[in-house]
Amino acid sequence: MGRTTITTGTTTAMIIPMLDDFLVRAGLAAVGLSLATGPLGSFVIWRRMAYFGDATAHAAVLGVALALATDLPIGLGTLTVALAMAVTVAGLSARGWAMDTTLGVLAHSALAFGLVAVSFFPNVRTDLSAYLFGDILAVSRGDLALVWLGALAVLALLAWRWQRLLTATVSEDLAHAAGIRPDRERLVLVIALALVVAVALKIVGALLIAAMLIIPAAAARSFARTPEAMAALAIVIGAASGLGGLALSLWQDTPTGPSIIVVAAGLFALASLRQQN
Amino acid sequence: MSLPTPSLIAADHICIRFGADEVLHDISLTVQPGEIVTILGPNGSGKSTLLRALLGIVPAAEGRITRQPGLRIGYVPQKLTIDRTMPITVRRFLSLPSRVTDAQAEEALARTGMAGQGAEQMTTLSGGQLQRVLLARALLGRPQILMLDEPTSGLDQPGEAAFYRLIEEVRHETCAAVLMISHDLHVVMAASDRVICLNGHICCEGTPRVVSTAPEYRALFGLGTQGALALYRHEHDHAHEDGPHHHHHGHDHSHDHPHA
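Undergrad: Would you take a moment to explain helix α5 (residues 99-118) of chain A for this structure?
TA: In an α-helix, one turn spans 3.6 residues, which is why side chains three or four residues apart end up on the same side. Taking 1.5 Å per residue as the helical rise, α5(A) with its 20 residues ought to reach 28 Å, and the 28 Å between its terminal C-alpha atoms agrees with that figure. For α5(A), the full list of buried residues reads T102(A), L103(A), G104(A), A107(A), A110(A), L111(A), G114(A) and V118(A).

Listed below in structure tokens is the structure:
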């Protein structure tokens, strides 16, 4: 018993100073984020919602602008706008609007409105590029806690609804017959997506969030035989991309967010080669 | 039919419209526990829509649908397209939405003629195999009613015969009701307790014997259905005896369906 306490104490004593290192925080943030983007990205692929993720992420920039203008926490601003965007799009598509058109209009308008709104606050203009491309090396302890909490919340939400989400994704008709409401499950995914966008904005930025959702899950596809295997493997590939991207960025002094996506794309290319064999 | 038995599912004067098009007009029907009811009708007569309305997928513009609370439905859709991006084995599919044990899954697969194929990917199955898997999944939910949309369209003739034997067996063992859509006249007549002829509205219904002699049925399906290749033609000139129906669809349905 005493021994366990000592061990735990030592571990804590080791981890806390490690968190002082910005690289360790960046690595942990990348791993935490992929816990959510792996399974959620798999759903984005299965349900062909890729553009939807993009739209929500672009809308988040408007959220940043509004938060800066009103002195509210950035996370709250992005979450609110991303959620509003996601629910609007889901609602419009349920009414039979052509999805790509609706998304094209809303996503790019939201991004443009965000950029224009920010121009009224000259002192924040430089800040904004951090939200477009992310700055994982600037992740604070508070950010790290937010990323992990957000990611674990999304993971818990998906795990709780997993069977229902999967049934509704396989066939809305079969879901209906089993007493599952597909529109409710769609809303669950949309909320999860808004949460992920809000916590990921700082790390990979609005322009690259969709890539982080899609590329690891797509790379996992060729190795998986079940949905669960694909989601789990997407987590592993996402985390590996995050750590690999950090390493690449250190080694070659490249921008970190794009470097993460470059590594993910490389892993995807390798996975595609394997599929052809 | 005794009235007081609580029906599993009932439609009360429902109308279904897609935009301005009325696809189904004034449909009333009930399914009682343990009976096999078949819906017959030409293409475009609204059979699948009726089934989907009973399941709550398609909303009814008028009328109401009542399902027994907590009714366990085993639905076998006409087709199922799983996106190729989703990896899923037959075994995993059988556990949606309720998880089943390996033994239960294997038993259901064996019953439907898919023994030992649990490791196959769903997206690689043929049409007939897919229908067997869908039926296996439906049976695993211990349904009180099976709702089958043209369940034998992907099966060869021995497969089809085995399929109807299995349905009969399941009904016998579990007292599950069966509501199915078919346009395969012979087998339907043999396997059903009750037949409903549908063509946008209910043309006639009753036991297979009664229906096969009804003028509405003859108008819909013609008389020469015994032949190996029966071309049926249907026009809207048949008379209705059951009250004030006035259907003058502005178009003429002419179907030439080769029936093998």
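Having seen the structure, we can now continue with the description.
Undergrad: Sorry, what's going on with the interface of chain A and chain B here?
TA: A common way to report how large an interface is uses the accessible area buried once the components associate. At the junction of the two partners, chain A supplies 23 residues and chain B supplies 28 residues. The junction of chain A with chain B conceals about 2200 Å² of combined surface from both sides, 58% of it contributed by carbon and sulfur atoms. Seen at the junction of chain A and chain B, the total is three salt bridges. The closest approach of N and O atoms between E228(A) and R92(B), which form a salt bridge, is 2.6 Å. Counting residues per element, the side of chain A that touches chain B draws most heavily on helix α7 (residues 141-170) of chain A, which supplies six residues. Of the residues contributing to the side of chain A that touches chain B, the split by class is 12 nonpolar, six polar and five charged.

Undergrad: Honestly, helix α5 (residues 157-174) of chain B in this entry has me stumped. Any pointers?
TA: Residues and elements named next belong to chain B. In this model α5 runs 26 Å from its N-terminal to its C-terminal C-alpha over 18 residues, within 8% of the 26 Å that 1.5 Å per residue would give. Regarding α5, its N-cap is D156, as a side-chain oxygen of that residue lies 2.9 Å from the backbone nitrogen of G159 further along. C175 sits one or two residues past α5 and shows a positive phi near 60°.

Undergrad: Just to check I follow, could you spell out the pairing of strand β9 (residues 202-206) of chain B for this structure?
TA: A regular strand carries its side chains on alternate faces of the sheet. Residue and element names in this part refer to chain B. Most of β9 sits inside the fold, with four of its five residues counted as buried. Pairing analysis gives four bridges linking strand β8 (residues 194-198) to β9, with the strands arranged antiparallel. The partner of I196 across the bridge, within β9, is E205. Here β8 folds back onto β9 in antiparallel fashion, the turn holding three residues, of which G200 has a positive phi close to 85°.

Undergrad: Before we go on, may I ask you to explain the sheet that holds strand β1 (residues 9-18) of chain B in this structure?
TA: Within a beta sheet, neighbouring strands are joined by backbone hydrogen bonds and run either parallel or antiparallel to one another. Residue and element names in this part refer to chain B. If you walk across this open sheet you meet the three strands as β2-β1-β4, and the pairing is antiparallel. Both outer strands of the open sheet, β2 (21-31) and β4 (62-67), are each paired with one neighbouring strand and no more. Across the sheet, the axes of successive neighbouring strands diverge by a mean angle of 25°, strand direction being ignored. Along the sheet, helix α1 (residues 47-54) makes contact with β1, β2 and β4, crossing β1 at roughly 120°.

Undergrad: Please explain the sheet that holds strand β6 (residues 145-149) of chain B as it appears in this structure.
TA: Residues and elements named next belong to chain B. Strand order across the open sheet formed by six strands is β5-β6-β7-β3-β8-β9, with mixed pairing between neighbours. At either margin of the open sheet sits one strand with a lone partner, and together these are β5 (73-76) and β9. The average undirected angle you get between the axes of adjacent strands in this sheet is 15°. In terms of strand pairing, strand β3 (residues 36-40) meets strand β7 (residues 177-182) through five bridges, oriented parallel. Its bridge partner lying in β7, L40 is registered against S182. Taken strand by strand, α1 contacts β3, β5, β6, β7 and β8, and its axis lies near 150° from that of β7. Lying on the sheet, α5 is in contact with β3, β6 and β7; it crosses β6 at an angle near 160°.

Undergrad: For this particular structure, what's the right way to read the nonpolar core?
TA: Grouped burial of nonpolar side chains is what soluble globular proteins tend to show. Grouped together as the largest cluster of nonpolar side chains are 147 residues, with contacts concentrated most on F93(B), M122(B), I145(B) and M147(B). Here the element with the most residues in this core is helix α9 (residues 182-204) of chain A; it accounts for 13 residues. The residues touching F93(B), leaving out its near neighbours within four places in the chain, are V170(A), L174(A), L80(B), I82(B), I88(B), M122(B), V133(B), L134(B) and R137(B). By size, the runner-up hydrophobic cluster in this structure holds 13 residues, among which are L40(B), V195(B), C197(B) and F221(B).

Undergrad: What is the right way to look at the confidence of the model for chain A in this model?
TA: Residues shown with low pLDDT carry predicted positions that ought not to be read at fine detail. Looking at chain A, pLDDT values average 85 and 88% of them are 70 or higher. Note on residues 1-7 of chain A: pLDDT is under 50 here. Beyond four places in sequence and across chains, it has zero contacts.

Undergrad: Help me understand the pairing of β5(B), please; the structure alone is not making it clear to me.
TA: All names here are of chain B. Neither face of β5 is exposed, since I73 and Y75 on one face and G74 and V76 on the opposite face are all buried. Two elements, β5 and β6, share four bridges in a ladder whose sense is parallel. Directly across from G74, in β6, lies its bridge partner L146.

Undergrad: I would appreciate a short explanation of the packing of aromatic side chains in the present structure.
TA: Within a pair of aromatic rings, the relevant descriptors are the distance that separates the centres and the angle that separates the planes. Residue and element names in this part refer to chain A. According to the stated counting rule, one finds three aromatic pairs over all chains in the structure shown. Considering the side-chain rings of F43 and W46, the 5.0 Å spacing of their centres and the 80° angle between planes classify their relative orientation as edge-to-face. Within this pair, F43 and its partner W46 are both found in helix α2 (residues 22-46), separated by three residues, close to a single helical turn. Between F43 and W162, the ring centres sit 5.2 Å apart and the planes meet at 75°, which makes this aromatic pair edge-to-face. One end of the pair, F43, is in helix α2; the other, W162, is in helix α7, with 119 residues separating them in the sequence. The two residues F43 and W162 agree in class, both being buried. Through a chain of ring-to-ring contacts, the aromatic side chains of F43, W46 and W162 assemble into a single cluster. The cationic tip of R161 hangs over the ring face of W160; the distance from NZ or CZ to the ring centre is 4.7 Å.

What counts as what
- Residues numbered from 1 in each chain as written.
- Chains lettered and ligands numbered in written order.
- Predicted model: local features only at pLDDT ≥ 70, side-chain atom pairs only at ≥ 80, totals over all residues.
- Heavy atoms only, no water.
- Helix = DSSP H or I, 4+ residues; strand = E, 2+ residues; numbered from the N terminus.
- Expected span 1.5 Å × (residues − 1).
- Buried < 20%, exposed > 50% of the residue type's maximum accessible area, 1.4 Å probe, protein only.
- Contact = heavy atoms within 4.5 Å.
- Buried area = accessible area lost by both parts, 1.4 Å probe.
- Salt bridge = Lys/Arg side-chain N within 4 Å of Asp/Glu carboxyl O.
- Nonpolar A, V, L, I, M, F, W, Y, C, P; charged D, E, K, R; others polar.
- Polar contact = N/O pair within 3.5 Å; in protein donor to acceptor, adjacent residues only side chain to side chain.
- Pairing = 2+ DSSP bridges.
- Axes fitted to C-alpha atoms, helices over the stretch in contact; angles between N-to-C directions.
- Core = buried A, V, L, I, M, F, W, Y, C linked by side-chain atoms within 4.5 Å.
- pLDDT = per-residue confidence, 0-100.
- Phe/Tyr/Trp six-rings, centres within 6.5 Å; stacked < 30°, edge-to-face > 60°.
- Lys NZ or Arg CZ within 6 Å of the ring centre and 35° of its normal.

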